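Chain by chain, the residues run as shown.
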Amino acid sequence: MGRPRILILGGTSEARLLAEALAARDDCDVLLSLAGRTEKPATQPVPVRIGGFGGAAALAAFLKAGGHDLLIDATHPFAERISANAAFAAETTGIAAIALRRLEWQRVAGDRWRDVQSIPAAIEALGPSPRHVLLATGRQGAHHAEAAPQHHYLVRSVDPVDPPLALDNVVYILDRGPFTLDGECDLLREHDIDVIVAKNSGGAATYAKIEAARLLGIEVMMVARAPAPIVKAVDTVEAALAVIGHLFPPAMKRGV
């Protein structure tokens, strides 16, 4: 057996770190796929393809045509469609697959979380009275705020919200994590934020806003993750590397 071919579905810091670790080992051929939703993606340590596949069947065909031996779903925890497509493609092709999913944030003493199932549910839960809202769900979910125009919104995203929201009271911030606790506290105070709408993405890069909300007594509308497809899952890059090492032992990697 020759060098294993691995396709990583990425867009997260974990995907980049995994690709970096595999590139350093130099015992497999890695292709990192990005959806192309971010205008200026971070530099990656392996070859990259950008753009969708056109559905689950097309992803399966891509895997077979490319002779891939392993599919790694390291997309964002809220990228439900691509994760479902990945699970389907792996099952129909018989190619090994794992999901690299960072753990969810857990409520701790002092947190004022209200659990909601979606961004629209979070917007509705804000209530009828005007509030100052940090909308930290990314640009793709920001348009749901238009259903409650009475609030003042601070919208933070990596790329611009396009088209802009049809709201009178909205301020946009373009920024990319990781964020600091001091910086988040300053941001929340400067804009008089009294509630945050956030996805339970997990990880350290954007957790500072949750810590800041706890310190300042600010409510958080926490959007829960959807149930994940049934694929072998790991929650760290190290665990993913261990699985890869088990699937492709060193002797096999050398073609022995």
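Bear in mind that the values here come from a model prediction, so they are computed numbers and not experimental data. (Residues numbered from 1 in each chain as written. Predicted model: local features only at pLDDT ≥ 70, side-chain atom pairs only at ≥ 80, totals over all residues. Heavy atoms only, no water.)

Caption draft 1: Broad picture of unusual backbone geometry. Omega for the peptide link from D162 to P163 comes to 0°, which places this bond in the cis form. Structurally, P163 can be placed in the loop between β8 (152-157) and β9 (170-174). Non-glycine residue D26 carries a positive phi angle of around 55°. Relative to the helices and strands, D26 is located in the loop between α1 (13-25) and β2 (29-34). A positive phi angle is found at D192, which is not glycine, with a value near 55°. Residue position: D192 is located in the loop between α5 (181-190) and β10 (195-199). Overall, D192 belongs to the exposed group, its relative accessible area being 55%. (Helix = DSSP H or I, 4+ residues; strand = E, 2+ residues; numbered from the N terminus. Buried < 20%, exposed > 50% of the residue type's maximum accessible area, 1.4 Å probe, protein only.)

Caption draft 2: Looking closely at the sheet that holds strand β4 (residues 70-73). One open sheet accounts for 6 strands, arranged β3-β2-β1-β4-β5-β12; its pairing is parallel. In this open sheet, the two strands that pair with only one neighbour each are β3 (48-50) and β12 (233-234). Looking at chain direction, strand β1 (residues 5-9) and β4 are connected through 4 bridges and run parallel. Opposite L7, over in β4, you have L71 as the bridge partner. Lying on the sheet, helix α3 (residues 80-93) is in contact with β1, β4 and β5 (96-100); it crosses β4 at an angle near 160°. Docked against the sheet, helix α7 (residues 237-247) engages β1, β4, β5 and β12, running at close to 170° with respect to β5. (Pairing = 2+ DSSP bridges. Contact = heavy atoms within 4.5 Å. Axes fitted to C-alpha atoms, helices over the stretch in contact; angles between N-to-C directions.)

Caption draft 3: Layout of the pattern of salt bridges. Across all of its chains, the model carries 14 salt bridges by this definition. Where R3 meets D29, a salt bridge forms, and the shortest distance between an N and an O atom there is 3.1 Å. Placement of the pair is R3 in the segment before β1 and D29 in strand β2, with a sequence separation of 26 residues. Residue class for R3 comes out partly exposed when judged on its relative accessible area of 36%. Accessibility expressed as a relative area gives 30% for D29, which makes it partly exposed. (Salt bridge = Lys/Arg side-chain N within 4 Å of Asp/Glu carboxyl O.)

Caption draft 4: Expanded view of the packing of aromatic side chains. Counted under the stated rule, the structure contains 2 aromatic pairs. Relative to F62, the ring of F53 has its centre 5.1 Å away and its plane inclined at 65°; by these criteria the two rings are edge-to-face. On the basis of relative accessibility, which here comes to 26%, the residue F62 falls in the partly exposed class. Geometrically, the ring pair formed by W105 and Y207 is tilted, given 5.6 Å between the ring centres and 50° between the ring planes. Here W105 is found in the loop between β5 and β6 (113-116), whereas its partner Y207 is found in the loop between β10 and α6 (208-216), with 102 residues between them in sequence. For W105, a relative accessible area of 7% gives the class buried. (Phe/Tyr/Trp six-rings, centres within 6.5 Å; stacked < 30°, edge-to-face > 60°.)

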